[in-house]
Amino acid sequence: MTATLRTTDPSSGTAQLDSTSPHAYDGGLLLLRLALGLTVAAHGVQKLFGWFGGGGLEGTGQFFEMSGYPAGETMALIAGLSETLGGLALALGLLTPLAGAAVFGTMINALAVKWGGGFFAPEGVEYEILLAAGAAALALTGPGRLAVDRFLPGLRAHRLGYGVAAVALGAVSAGLVLLIRN
């Protein structure tokens, strides 16, 4: 299956079809999934195990409590698992809409914590916005053909409805968690 784009030749006014290889899309989605998924998973293991200079559950739990969340270590565990499992699943293209929802929802909470520091890093939210947008985009587009989802009957043919439902699930879940934040 190839994607086609209908263009008009300006000199003749006739319609032409431009064909783009589906392999280009699949390769691009694979690169996006790997970069975003492994980056988010690395942040997750910082929270869970203290790897890569992270605080582990105890240190991250203290940060969560200072940020207004109750039961800091529990929240650190939830965030760490969401990032680690969601990121690895995105990288593999496994249950992509749900993996995207997990990362998207976690990034909404990260945005809420960092909001007010401007747009640009290190205090700003540009990084969290980019991760949230990438996760939502992957949930909406699907993983491409170079993914584990291609071997799962229900997800073999990604549907926009799956992605929309997943992004909505991530947003609602994030909103519920934000409701318990002081």
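In what follows, the structure referred to is the one given above.
About the cut-offs
- Residues numbered from 1 in each chain as written.
- Predicted model: local features only at pLDDT ≥ 70, side-chain atom pairs only at ≥ 80, totals over all residues.
- Heavy atoms only, no water.
- Helix = DSSP H or I, 4+ residues; strand = E, 2+ residues; numbered from the N terminus.
- Buried < 20%, exposed > 50% of the residue type's maximum accessible area, 1.4 Å probe, protein only.
- Contact = heavy atoms within 4.5 Å.
- Areas by Shrake-Rupley, 256 points an atom, 1.4 Å probe, with all protein chains shown as cover.
- 1 Å grid on protein atoms, 1.4 Å probe; cavity = no way out; pocket = protein on both sides within 12 Å on 5 of 7 lines; lining within 4 Å.
- Points joined across faces, edges and corners; volume = space filled by probe spheres on them.
- Nonpolar A, V, L, I, M, F, W, Y, C, P; charged D, E, K, R; others polar.
- Axes fitted to C-alpha atoms, helices over the stretch in contact; angles between N-to-C directions.
- Left-handed = near helix turned anticlockwise from the far one by under 90°.
- Core = buried A, V, L, I, M, F, W, Y, C linked by side-chain atoms within 4.5 Å.

Describing the overall build of the protein
Then comes step 1: Summing up its helical and strand segments, the protein has six helices and two strands in all.
Then comes step 2: Of all 182 residues assigned to the protein, the portion counted as buried reaches 36%.
Then comes step 3: For the protein, contacts bridging at least 24 residues in sequence account for 57% of all contacts bridging at least 6.
Then comes step 4: As displayed, the protein offers around 10,000 Å² of accessible surface, 70% of which is attributable to carbon and sulfur atoms.

Structural notes on the layout of surface pockets
Then comes step 1: Roughly 810 Å³ of volume is contained in the largest pocket.
Then comes step 2: In terms of lining residues, the largest pocket is bounded by 32 residues, among which K47, A79, E83, T106 and A110 are the most central.
Then comes step 3: In terms of residue count, the dominant contributor to the lining of the largest pocket is helix α4 (residues 96–114) (10 residues).
Then comes step 4: Residue composition of the lining of the largest pocket, by class: 17 nonpolar, 11 polar and four charged.

Considering the packing of α4 against helix α6 (residues 160–179)
When two helices pack together, their arrangement is captured by the angle between the axes and the distance separating the axes.
Then comes step 1: Relative orientation of the contacting elements α4 and α6 amounts to 35°, with a least axis distance of 8 Å. Here α4 and α6 pass one another in a crossing that is right-handed. Between α4, through P97, L98, A101, F104, G105, I108, N109 and A112, and α6, the contact on the second element is made entirely by Y162, A166, V167, L169, G170, A171, A174, V177 and L178.
Then comes step 2: In the contact of α4 with α6, the residues fall into 14 nonpolar, three polar and no charged.

What to know about the nonpolar core
Then comes step 1: Core analysis: the biggest nonpolar cluster contains 18 residues, and L36, L90, V103 and F104 have the highest contact counts within it.
Then comes step 2: Where this core is concerned, the elements lending two or more residues are α1 (22–49), α3 (72–92), α4, α5 (126–141) and α6.
Then comes step 3: Top element by residues in this core is α5. It accounts for six residues.
Then comes step 4: Formed by five residues, the second largest nonpolar core is a distinct cluster that contains F64, Y69, A76 and A79.

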